[in-house]
Amino acid sequence: MKKSKLYRFIVAIIRPFVRVLYGLKIYGIENILQSGGCIICPNHTSNADPVLLAITFRRQIYFMAKSELFKNRILGKLFKMVGAFPVERGKGDTSAIDTAESVLGSGEQLGLFIEGTRSKAGDFLRPKTGCAMIAYKTKVPIIPVCITGATEFGVKIFKKNVITIGAPIYSDDLNITEGSGKEFREASRLIMQNIKDLAPNFNE
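Residues numbered from 1 in each chain as written. Predicted model: local features only at pLDDT ≥ 70, side-chain atom pairs only at ≥ 80, totals over all residues. Heavy atoms only, no water.

## Comments concerning the sheet that holds strand 3 (residues 61–66)
- Spatial ordering of the open sheet is given by 1-7-6-2-5-3-4, a layout of seven strands whose pairing is mixed. Looking at the sheet topology across the chains shown, the edges are occupied by strand 1 (24–27) and strand 4 (85–87). Here the strands of the sheet are splayed against their neighbours by 25° on average, with no regard to which way each runs.
- Relative to strand 7 (residues 161–165), strand 6 (residues 142–149) is paired through five bridges, and the arrangement is antiparallel. Counterpart to valine 145 in the pairing with strand 7 is isoleucine 165. (Pairing = 2+ DSSP bridges. Helix = DSSP H or I, 4+ residues; strand = E, 2+ residues; numbered from the N terminus. Axes fitted to C-alpha atoms, helices over the stretch in contact; angles between N-to-C directions.)

Okay, structure coming up:
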């Protein structure tokens, strides 16, 4: 998978400003894999989430993003230039899955929001099965990530925002043997629980 020079340039420029603007605190850096394909799997509460993840992980993240973001020709081209690719949600988009497998097969990081959409109310949504299915097919580890604010989930500027990175979840941990829908759903709930368990207790 071809790396994007534009991605690296943009991240290098905005990293110091974003960390200050969002009061960003990052925990669990030791769980970041320095090489090899993996799925970065966070919850999703803000449009800023991909940016926060990009400055947290040193290696480029190739984000699977909803196809609606690519309908604008200019923005769509920009998203593709930084390595993002579209997925038709709810339609079993085989092209997007093929691209995801290509990313992982090249030893790169795939960014996939497990809830499939942004949580406008700030709570955790029911997980989709795509992450578990792709992990099962490619045998790559999943890195669970929880993005939270000091008093609520939606990230806001000039507030303390926290990214907590969990230990890798390996394919054997998912307990998928037959690749059935039931197994994918159960594995997705397991991944989601790992993300929930990373949420900081700000009252401590």
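## Points about the environment of valine 162
- Following the sequence through the fold, valine 162 ends up in strand 7.
- A relative accessible area of 2% places valine 162 in the buried class.
- Along the backbone, valine 162 and phenylalanine 124 are 38 residues apart, and their C-alpha atoms lie at a distance of 16 Å. (Buried < 20%, exposed > 50% of the residue type's maximum accessible area, 1.4 Å probe, protein only.)

## Things to note about the pairing of strand 6
- The buried count for strand 6 comes to eight of eight residues, which makes it a mostly enclosed element.
- Neither face of strand 6 is exposed, since Ile142, Pro144, Cys146 and Thr148 on one face and Ile143, Val145, Ile147 and Gly149 on the opposite face are all buried.
- In the sheet, strand 2 (residues 38–42) pairs with strand 6 via four bridges, with the strands oriented parallel. Note that in strand 6 the partner of isoleucine 40 across the bridge is isoleucine 143.

## Some words on the environment of isoleucine 13
- By the secondary structure assignment, isoleucine 13 is in helix 1 (residues 5–21).
- By relative accessible area, which is 44% here, isoleucine 13 ends up partly exposed.
- Taking the C-alpha atoms as reference points, isoleucine 13 and isoleucine 55, separated by 42 residues in sequence, lie 9.9 Å from one another.

## Brief notes about the nonpolar core
- If you look at the biggest cluster of nonpolar residues, it comprises 29 residues, and the most contacted ones within it are Ile39, Leu110, Ile142 and Ile191.
- Those elements that place two or more of their residues in this core are strand 2, strand 3, strand 4, helix 4 (94–105), helix 5 (130–138), strand 6 and helix 6 (181–197).
- Looking at this core element by element, the count peaks at five residues for helix 6.
- By size, the runner-up hydrophobic cluster in this structure holds 25 residues, among which are Ile32, Ile40, Ala48 and Ile61. (Core = buried A, V, L, I, M, F, W, Y, C linked by side-chain atoms within 4.5 Å.)

## Re the side chain of glutamate 108
- With respect to the helices, strands and loops of the structure, glutamate 108 is situated in the loop between helix 4 and strand 5 (109–111).
- Judged by relative accessible area, glutamate 108 falls into the buried class, the value being 5%.
- Of note is the side chain of glutamate 108, whose polar atom sits 2.7 Å from the side chain of lysine 3. (Polar contact = N/O pair within 3.5 Å; in protein donor to acceptor, adjacent residues only side chain to side chain.)

## Things to note about the packing of aromatic side chains
- All chains considered together, the criterion is met by three aromatic pairs.
- Judged by centre distance (6.3 Å) and plane angle (10°), the rings of phenylalanine 63 and phenylalanine 113 are stacked. Linking phenylalanine 63 in strand 3 with phenylalanine 113 in the loop between strand 5 and helix 5, this pair joins segments that are 50 residues apart in sequence.
- For the ring pair phenylalanine 70 and phenylalanine 79, a centre distance of 5.7 Å and an interplane angle of 65° mean the geometry is edge-to-face. (Phe/Tyr/Trp six-rings, centres within 6.5 Å; stacked < 30°, edge-to-face > 60°.)

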